[in-house]
Amino acid sequence: MTDPADETAHHLTRNAVEALPEGALERQLREGRPLRVKLGIDPTAPDIHLGHTVVLRKLREFQDLGHTVVLIIGDYTARVGDPSGRSVTRPMLSGEEVDANAETFQRQAFKVLDPGRTEVRRNSEWLAMAMEELFGLARTCTVAQILERDDFARRQEAREPISILELLYPLLQGYDSVKVGADVEIGGTDQKFNILLARDIQQTYGVPPQSVLTMPILPGVDGVQRMSKSARNYVGVTEPPDEVFGKLMRVPDGAMDTFYDLLLDEPLDTSRPAVESKRGMARGLTARLHGEDAARAAEEHFDRLHVQREAPEQIDEFAVQAENGIVHLPALLRDAFGISASEGRRLLPQGGVRLNGEPLEEGELDLPATRLDGAVVQVGKRRFRRILVLGNSG
RNA sequence: GGCGGGAUGUCCGAGUGGUUAAAGGAGACCGGCUGUAAACCGGUUGGCUAAGCCUACGCAGGUUCGAAUCCUGCUCCCGCCA
């Protein structure tokens, strides 16, 4: 009970889903040496979002205890495409895309990880192997073993295609663990199969099997689907503070407890009003990514726009050319806000376009330049432009 | 090698000769409400200086007054049997 290794393990696994096999992490910690903790990421999308930081933060905890993180940039496996949680074969990426993404990912990961205790490796180092070696690796598992994985099983059941390349993916990931000598591998619950299979592969190659730590999957700002770039429900770690704050304020109330558990250091206090908790969350996470000052400014900006319904303190200017003293509104909206002119026309009758705070009417397609010059045009609640009229001929 | 299924708008998915710019859903957007960009309610959702015009249902032709829908060829995808 009082064994410090047990306590450490207990702490490290507190918000994890599973730590397998039972007691393995405790035994490793008891050895007293720095453990090699592996995280493999596929640079299929360059930007890190809060969902990634759940796992990254866990790695950081290991680092703070003196352990080493081995961050594997899956530049080779990215070309295969991890089928985990996917119902469709992923598209392949070109070498250049992978390189660019890997570079960005690594830089952003160090917003959370301690670079001093991180070893970055690319799996092309060892996966660009000879056929013979690949044959050897391919011999380590049976098809039945791989098809056991639930998403493969589901696809098989639904008569959906599974490529051989995809079947190979878990093997390649397992081989990564062999090559870097991983003691522990961390991943989302969707990675459980792959991480466990890696143990078998390690043993086949005669190295000690890693232990497994799976973390819950963070939902996106929609509160439903997992946070991912493709679902466009993510909060990127490099997004501007105003965006981070605003996006977090629209997380559904019901998903807040998960966000608190996985991202914040204290649990959600359900006795507080939801808005307060949400503000606390938005403030805390914005501060973590951008600092306290930026978080405070972002909150003020949010209040100004959504509570007081005023224009922001800083508005981008947009210059427009008048014709005969007249500016055509749909064209202006198109150029100034990046929407189509048709969309602009539609927004007018909905009251979605305001001039200095006053809604414009459906018929007002052409406005005199004098009325627009220096005025603030607003689309919806959050898009503003100050208009400057140039070359007012006629 | 044989047999069968499929390709529709951002995505999913109806539609099998004409009120079809194309049902429905998701998403997104706008509005109302609100201590939240939550929830809830209502609306919009191809483009275009626009009562009209243009583009669109894998590609290329054809039939027809008229095609996403019928015919021919092609490309790509998938499943089953061997």
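Predicted, not measured: the structure shown is a model, and the values here were computed from it.

### Regarding the pairing of strand E7 (residues 317-321)
Along E7, the buried face is formed by Phe318 and Val320; none of Glu317, Ala319 and Gln321, which line the opposite face, is buried. Direction of pairing for E7 relative to strand E13 (residues 383-390): parallel, over a ladder of five bridges. What sits directly across from Phe318, in E13, is Ile387.

### Side note on the protein's contact with RNA strand B
Around RNA strand B there are 32 residues in total, and Arg250, Lys278, Arg309, Arg345 and Arg346 lie nearest to it. The contact atoms of RNA strand B, taken as those within 4 Å of the protein, divide so that sugar and phosphate hold 56%. The contact in question runs from a base oxygen of RNA strand B to an N or O atom on the side chain of Asp253, over 2.8 Å. At 3.1 Å from a sugar or linking oxygen of RNA strand B is found a side-chain nitrogen or oxygen belonging to Arg383.

### Quick notes on unusual backbone geometry
Note the cis peptide between Leu20 and Pro21, where omega equals -15 degrees. Examined against the element boundaries, Pro21 turns out to sit in the loop between strand E1 (18-20) and helix H2 (24-30). A positive phi angle is found at Asn324, which is not glycine, with a value near 55 degrees. With respect to the helices and strands, Asn324 occurs in the loop between E7 and strand E8 (326-328).

### Thoughts on the domain arrangement of chain A
Quite often, the size of an interface is put as the accessible area lost when its parts meet. Structurally, chain A comprises domain 1 (4-215), domain 2 (241-306) and domain 3 (317-392). The gap between the C-alpha centroids of domain 1 and domain 2 is 30 Å. Facing six residues of domain 1, the contacting portion of domain 2 comprises nine residues. Taken as a group, Leu50, Val54 and Arg57 account for 70% of the area that domain 1 buries against domain 2, more than any other trio of residues on that side. Put simply, domain 1 and domain 2 have one salt bridge between them. For Arg57, the salt bridge goes to Asp265, with nearest N and O atoms at 2.9 Å. On inspection of domain 1 and its partner domain 2, the count reaches three residue pairs in polar contact (both at pLDDT 80 or more).

### A look at the sheet that holds strand E5 (residues 184-188)
One key point about sheets: their strands pair by backbone hydrogen bonds, in either a parallel or an antiparallel sense. Reading across from one edge, E1-E6-E5-E2-E3-E4 is the order of the six strands in this open sheet, with mixed pairing throughout. Because the sheet does not close on itself, it has two edges, and the strands there are E1 and strand E4 (118-122). This sheet shows a mean twist of 20 degrees between the axes of neighbouring strands, independent of strand direction. Two elements, strand E2 (residues 36-41) and strand E3 (residues 68-73), share six bridges in a ladder whose sense is parallel. Bridge pairing in E3 links Gly40 to Ile72. The strands touched by helix H9 (residues 164-180) are E2, E3 and E5; relative to E2, the strand with the most contacts, the crossing angle is about 145 degrees.

### Considerations on the packing of aromatic side chains
Note on aromatic pairs: each is described by the distance of the centres and the angle between the planes. Applying the stated criterion to the full structure yields two aromatic pairs. Plain terms: the ring middles of Phe245 and Phe302 are 5.5 Å apart, the flat faces sit at 55 degrees to each other, and that makes the pair tilted. In this pair, Phe245 sits in helix H11 (residues 241-249) while Phe302 sits in helix H14 (residues 292-307), placing the two residues 57 residues apart along the sequence. Given a relative accessible area of 16%, Phe302 falls into the buried group. For Arg149, the ring lying beneath its charged end belongs to Phe152, and the centroid distance is 4.5 Å.

### As for the pattern of salt bridges
For the coordinates displayed, the defined rule picks out 34 salt bridges. Arg107 is paired through a salt bridge with Glu103; the nearest N and O atoms lie 3.4 Å apart. Here the residue Arg107 and the residue Glu103 both occupy positions in helix H4 (residues 95-109), the gap between them amounting to four residues, near one helical turn. Overall, the relative accessible area of 52% leaves Arg107 in the exposed class. In this structure, a network of salt bridges that share partners links the residues Arg36, Glu119, Arg121 and Glu125.

### Overview of the side chain of Arg155
Among the secondary structure elements, Arg155 is positioned in helix H8 (residues 150-157). Residue classification places Arg155 among the buried positions, given a relative accessible area of 3%.

Here is what the cut-offs are and how they apply
Residues numbered from 1 in each chain as written. Chains lettered and ligands numbered in written order. Predicted model: local features only at pLDDT ≥ 70, side-chain atom pairs only at ≥ 80, totals over all residues. Heavy atoms only, no water. Buried < 20%, exposed > 50% of the residue type's maximum accessible area, 1.4 Å probe, protein only. Helix = DSSP H or I, 4+ residues; strand = E, 2+ residues; numbered from the N terminus. Pairing = 2+ DSSP bridges. Near = heavy atom within 4 Å. Polar contact = N/O pair within 3.5 Å; in protein donor to acceptor, adjacent residues only side chain to side chain. Domains from an automatic or database assignment. Contact = heavy atoms within 4.5 Å. Buried area = accessible area lost by both parts, 1.4 Å probe. Salt bridge = Lys/Arg side-chain N within 4 Å of Asp/Glu carboxyl O. Axes fitted to C-alpha atoms, helices over the stretch in contact; angles between N-to-C directions. Phe/Tyr/Trp six-rings, centres within 6.5 Å; stacked < 30°, edge-to-face > 60°. Lys NZ or Arg CZ within 6 Å of the ring centre and 35° of its normal.

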